[in-house]
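Below, each chain spelled out in residue letters.
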Amino acid sequence: MINVAILGFGTVGSGVAEVIEKNNAHISEKAATQINLKYILDVKEVPGTPFDGKFIHDFSIIESDPELNVVVETIGGAKVAYEYTKRALAAGKSVVTSNKELVATHGCELLRLAREKGVNYLFEASVGGGIPILHPINSCLAGNQISEIVGILNGTTNYILTRMIREGATFEAALSEAQANGYAERNPAADVEGPDACRKICILSSLAFGRHIYPEQVPTEGITRITLEDVSCAAKAGCKVKLLGRAIARADGKICAYVAPHLVPVENPLSSVEGVFNAITVVGDAIGDVMFYGQGAGKLPTASAVVADVIDAAKNWNQGTIMSWDEGGADTVYSTDELSSRWYVRAVGTVAPSGAQKLSAPEAENVVFLTEDAMTRPALDALLQQAGVTPAFLMRVLD
Ligand code: HSE
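Residues numbered from 1 in each chain as written. Predicted model: local features only at pLDDT ≥ 70, side-chain atom pairs only at ≥ 80, totals over all residues. Heavy atoms only, no water.

Draft legend 1. Focus on the overall build of the protein chain. The number of helices and strands found in the protein chain is 13 helices and 15 strands. Overall size of the protein chain, expressed as C-alpha extent along the three principal axes, is 70 × 45 × 35 Å. Sorting the 399 residues of the protein chain into buried and exposed places 56% on the buried side. The long-range fraction of contacts in the protein chain, counting pairs at least 24 apart against all pairs at least 6 apart in sequence, stands at 71%. Carbon together with sulfur atoms contributes 50% to the accessible area of the protein chain, which is approximately 16100 Å² in total. (Helix = DSSP H or I, 4+ residues; strand = E, 2+ residues; numbered from the N terminus. Buried < 20%, exposed > 50% of the residue type's maximum accessible area, 1.4 Å probe, protein only. Contact = heavy atoms within 4.5 Å. Areas by Shrake-Rupley, 256 points an atom, 1.4 Å probe, with all protein chains shown as cover.)

And the structure:
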């Protein structure tokens, strides 16, 4: 028998308890051992659930129970969750989590601790909600040199952009809906300003490229400056506006990772990913492009990935860690200034540089245009300066 404790009975934690309970026979069969939900740790009392009698408030009960094997951490954040994860791993328990902030910030250290203790630290649910993406990168695609990962990594912002594009909904109305559906982070700035997608591209690139990429190494821009005018000008250019996380490997092994809104041409399958769905394209030297698609947020899709990791932890009990990567550093990354792309520019005034494709109407207050050629950001700045254009907002085109 494998005994499991859940830390934090919020949206994801309660979903995990529900799935373990509902599908217990099937899950235990897959794990080839009985999976038993023994404790739920939360600060509050939650009466009237099927889990009465399992609630505790003192983490040391879990830490000191020699029969407790797997800890599911769904507290979130990188404070209490960090302390409890270290203590659980140090006590020889495997830890499974959906906590992207903690993995993106301290993943390397926690994986090292898991390795030293011969247990697992698993976090499939931290990226793409219910989409299997980390295990495929770690195992199924392990024979490839990966050159690029690009994806829609945040369900809340994709939901907001979809509502703006399809129905002309305001940003605020669409955000309230995402919050009501349980997609948004406790502090929605983590979604709309990009940190959530930043954490996810950190995890993806650390795993794919083998060295930790830290959030502070990833330039991050969200969707708060996007207007309905941008959305409609993008449509005129045959594109949709999408918030993308992107990581590109250079020949010398350095990585450029960033998060920013992009114009995605409608021929690219990422453009048709709508609502809370996420999609991630991975480019490998043997496989070419491979795309992963599914529900990127929500209680049960995320619980689905957590429970799969619980089964993995149970099956690989005492066999050491499945995932790993090395420490990163300043020599791991290179600057976005080296990346060339076509650019979407919104500026005050009426003049577009010669050769650019003008997207705004002649009488519009802002001039909006696409550069014809791909160029780096410093080259774009020089071109705009020469043409006397002061940009108000810029986006790359994902060509
Ligand atoms: N707030 C996140 C999102 C939840 O909207 O994608 C899943 O990580």
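Draft legend 2. The side chain of Ser271, seen in detail. In this fold, Ser271 is placed in the loop between β9 (255-265) and β10 (277-284). Taking the relative accessible area as the measure of exposure, Ser271 reaches 2% and is therefore buried. Here the side chain of Ser271 touches Val266 through a polar contact of 3.2 Å, landing on its backbone oxygen. (Polar contact = N/O pair within 3.5 Å; in protein donor to acceptor, adjacent residues only side chain to side chain.)

Draft legend 3. Broad picture of the packing of aromatic side chains. Summed over the entire model, instances satisfying the criterion amount to seven aromatic pairs. Ring centres of Phe9 and Phe51 lie 6.1 Å apart, and the angle between their planes is 75°; this geometry places the pair in the edge-to-face category. With Phe9 in the loop between β1 (2-7) and α1 (11-22) and Phe51 in the loop between β2 (35-41) and β3 (55-56), this residue pair connects regions lying 42 residues apart in the sequence. The exposure class of Phe9 is buried, given its relative accessible area of 11%. (Phe/Tyr/Trp six-rings, centres within 6.5 Å; stacked < 30°, edge-to-face > 60°.)

Draft legend 4. Looking closely at helix α11 (residues 228-236). Listing the buried residues of α11 in full gives Asp230, Val231, Cys233 and Ala234. When α11 is viewed along its axis, its buried side chains cluster within an angular range of 165° and face the same direction. Directly beyond the C-terminal end of α11, a positive phi value near 75° is found at Gly238. (Arc of directions from axis to C-beta.)

Draft legend 5. Local environment of the layout of surface pockets. Estimated volume of the largest pocket: approximately 1200 Å³. Looking at the largest pocket, it is lined by 46 residues, and the ones nearest its centre are Thr74, Ile75, Gly76, Glu185 and Arg186. Taken together, the elements giving at least two residues each to the lining of the largest pocket come down to α1, α4 (80-90), α5 (100-117), α7 (155-167), α9 (189-192), α10 (195-209) and α12 (299-315). Looking at the lining of the largest pocket, the element that brings in the most residues is α10, giving four residues. Per-class residue counts for the lining of the largest pocket are 14 nonpolar, 20 polar and 12 charged. (1 Å grid on protein atoms, 1.4 Å probe; cavity = no way out; pocket = protein on both sides within 12 Å on 5 of 7 lines; lining within 4 Å. Points joined across faces, edges and corners; volume = space filled by probe spheres on them. Nonpolar A, V, L, I, M, F, W, Y, C, P; charged D, E, K, R; others polar.)

Draft legend 6. A look at α5. Helix length check: α5 (18 residues) gives 22 Å between terminal C-alpha atoms against 26 Å at 1.5 Å per residue, more than 12% under. Along α5, the sharpest kink reaches roughly 85°, centred on His106. Within α5 the residues assigned to the buried category are Lys100, Leu102, Val103, Ala104, His106, Gly107, Cys108, Leu110, Leu111, Leu113 and Ala114. Considering only its buried residues, α5 is in contact with β4 (68-73), α4, β5 (94-97), β6 (121-122) and α10. N-capping of α5 is provided by Asn99, with a side-chain oxygen placed 3.2 Å from the backbone N of Glu101. (Expected span 1.5 Å × (residues − 1). Bend = angle between axes of the 7 residues up to and from the residue.)

Draft legend 7. Local environment of the pairing of strand β12 (residues 343-348). Buried residues dominate β12, accounting for five of its six residues. Where β12 meets strand β15 (residues 391-397), five bridges bridge the pair, whose relative direction is antiparallel. Each residue of the ladder has a partner; that of Arg346, found in β15, is Phe393. Sheet topology note: the β12/strand β14 (residues 366-370) ladder contains five bridges and is antiparallel. By the bridge assignment for β14, Ala347 is matched with Val367. (Pairing = 2+ DSSP bridges.)

Draft legend 8. Structural view of the sheet that holds β2. Spatially, the six strands line up as an open sheet ordered β3-β2-β1-β4-β5-β6, and their pairing is parallel. The sheet is open, and its two borders are formed by β3 and β6, each paired with just one other strand. Strand direction decides the pairing type here: β5 and β6, joined by two bridges, are parallel. The residue of β6 that forms the bridge with Val96 is Leu122. α12 contacts β1, β2, β4, β5 and β6 of the sheet and is inclined by roughly 165° relative to β5. (Axes fitted to C-alpha atoms, helices over the stretch in contact; angles between N-to-C directions.)

Draft legend 9. Spotlight on the pattern of salt bridges. On inspection of all chains with the given rule, the structure shows 21 salt bridges. One salt bridge connects Glu18 with Lys299, and the closest N-O pair in it is separated by 3.1 Å. Note that Glu18 is positioned in helix α1 and Lys299 in helix α12, a separation of 281 residues in sequence. A relative accessible area of 35% places Glu18 in the partly exposed class. Residue Glu167 is joined to Arg163 by a salt bridge in which the shortest nitrogen-to-oxygen separation is 2.0 Å. With Glu167 and Arg163 both in helix α7 and four residues apart, the pair spans about one turn of that helix. Judged by relative accessible area, which is 19%, Arg163 ranks as buried. Overlapping salt bridges bring together Lys100, Glu185, Asp196 and Lys200 as one network. (Salt bridge = Lys/Arg side-chain N within 4 Å of Asp/Glu carboxyl O.)

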